[in-house]
Amino acid sequence: MNRKLNLLILMLAASLLLNGCWDSQELNSLSIVSATSIDRSEDEWVISFQVVIPQSIATQTGGGAGGSQSPITIFSTRGKTIREAMQNANLEAPRALFFAHNSVLIINEQVVRNEGVRQILDFFLRPVESRETMSVLLTKDKASNLLEVLIPLEKITGNAIQRVITQGQQNLSQVKNIKLIDFASMVANPYKSAMAPELRVSGNQEEQSNLDALKSTRNQAVLKLGDLGVFRGDKLVGWMKRKESRGVAWLSNSVKNLIIVTPCSDRDASRLSSYRVIQSSTQVDPKMVNGSVNMMIHIQTVGALDETSCTMDLTNPDVISKLEDTIAEQIKDEVLAAWKSMKDLNVDVVGFMDMIHRKYPAASKHLTNSERPLQELELKLNVKVTVEHTNMINKPFSNLIEPNK
């Protein structure tokens, strides 16, 4: 009896191993999507897909007759819903669209201003193959135009965009890579406003979309990061410029590597110094003071002097102290610019209301009922800057040319 039972179990196990995946698809029957854009036209969704052409990539990588075929192609479809637009792609694309490698989602400004993002998020969070880690970007231009720009250093534009965002986050700090799942969490959070960076084309977009652009030594156009789009609920309400975006980065404790440019003196703004942030820490603590909430902001940075055209004695502690004060004022200026923009746009991209909600629930309830809650908060700012070293030389080169100064 045990022998028959063991045989039956063995046969069942073998049958399971012989079965294939129910949803498997052959690679040569798929169109691999690297980036997606969303526009609106005549009350319909216009969805564009940047699809990789594998044989072109392989030819160029292998050193064959590269340049004879574009490494990417663009499909655009439209429909009353996003799902219908996706379905209509089958009328144009010879292969089924495959989104597991889709790393970038670009949305037109008018779409997020008028329609909002709830339907977009609902769709892209549903499919099994959709990537929750894809980057969300906004553009003031037609979104599909950005997919057409060819980048010589990166054959696939979607990969190039991803690298631009990563470099911006690591080296500029005012740019943050907003992933789809994080963006959805911000939109759904009643105590924090969502944000997403802008991507724009700088230069002649039409020339850079031509295959000859891959053979040229100079780019006719480049993709670059721009302003920071801020939301109220699920709709875009405005933009923050570079200075304000840096202030948001300071308040959000997300400054990692940043260059701060300061003038040598108030009398001579033409001569500048570059301070590189090595370490940064921001602490935000809500405090109740006479029935009102004060946001106590304490920022500390440690960095190095990377460049200066000033004539000053960097071995003098008083000179270093004055330089640190000047840099601190520059940081305060950026933070206050961000705070003013937040109040003007009535958006809380830093999450002050979330902090207050956790520490002072009663005060949070009162502020939530206010039409402009940020106007009722006071910002108390303290910035401490340390110039840790001046790199390889202690005295500015300008001192050699103008020793008397």
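Everything here concerns the structure above.
Residues numbered from 1 in each chain as written. Predicted model: local features only at pLDDT ≥ 70, side-chain atom pairs only at ≥ 80, totals over all residues. Heavy atoms only, no water.

A. Molecular detail of the nonpolar core. Ranked by size, the top nonpolar core spans 84 residues in total, and within it Phe-49, Phe-183, Met-295 and Phe-352 carry the most contacts. When residues in this core are grouped by element, the largest group, 11 residues, is from helix 11 (residues 317-345). Setting aside anything within four residues of it in sequence, one finds Met-295 in contact with Val-284, Asp-285, Pro-286, Phe-352, Met-355, Ile-356, Leu-377, Glu-378, Leu-379 and Lys-380. Core analysis: the second largest hydrophobic core is formed by 18 residues, Ala-35, Leu-146, Ile-151 and Leu-199 among them. (Core = buried A, V, L, I, M, F, W, Y, C linked by side-chain atoms within 4.5 Å. Buried < 20%, exposed > 50% of the residue type's maximum accessible area, 1.4 Å probe, protein only. Helix = DSSP H or I, 4+ residues; strand = E, 2+ residues; numbered from the N terminus. Contact = heavy atoms within 4.5 Å.)

B. Here's a closer look at the pattern of salt bridges. Counted by the stated rule, this structure contains 19 salt bridges. With its nearest N and O atoms 3.4 Å apart, the salt bridge here joins Asp-285 to Lys-287. A relative accessible area of 27% means that Asp-285 is categorised as partly exposed. On the basis of relative accessible area, Lys-287 is assigned to the partly exposed category, the value being 37%. What emerges from the salt-bridge pattern is a single network uniting Lys-140, Glu-198, Arg-200, Asp-227 and Lys-241. (Salt bridge = Lys/Arg side-chain N within 4 Å of Asp/Glu carboxyl O.)

C. Looking closely at the side chain of Asn-102. Tracing the backbone through its elements, the reader meets Asn-102 in the loop between strand 4 (96-98) and strand 5 (104-108). Separated by 3.2 Å, the side chain of Asn-102 and the backbone nitrogen of Ala-35 make a polar contact. Polar contacts involving the side chain of Asn-102 include one to the side chain of Thr-36, which spans 3.1 Å. When near neighbours in sequence (up to four residues on either side) are disregarded, Asn-102 contacts Val-33, Ser-34, Ala-35, Thr-36, Arg-131 and Met-134. (Polar contact = N/O pair within 3.5 Å; in protein donor to acceptor, adjacent residues only side chain to side chain.)

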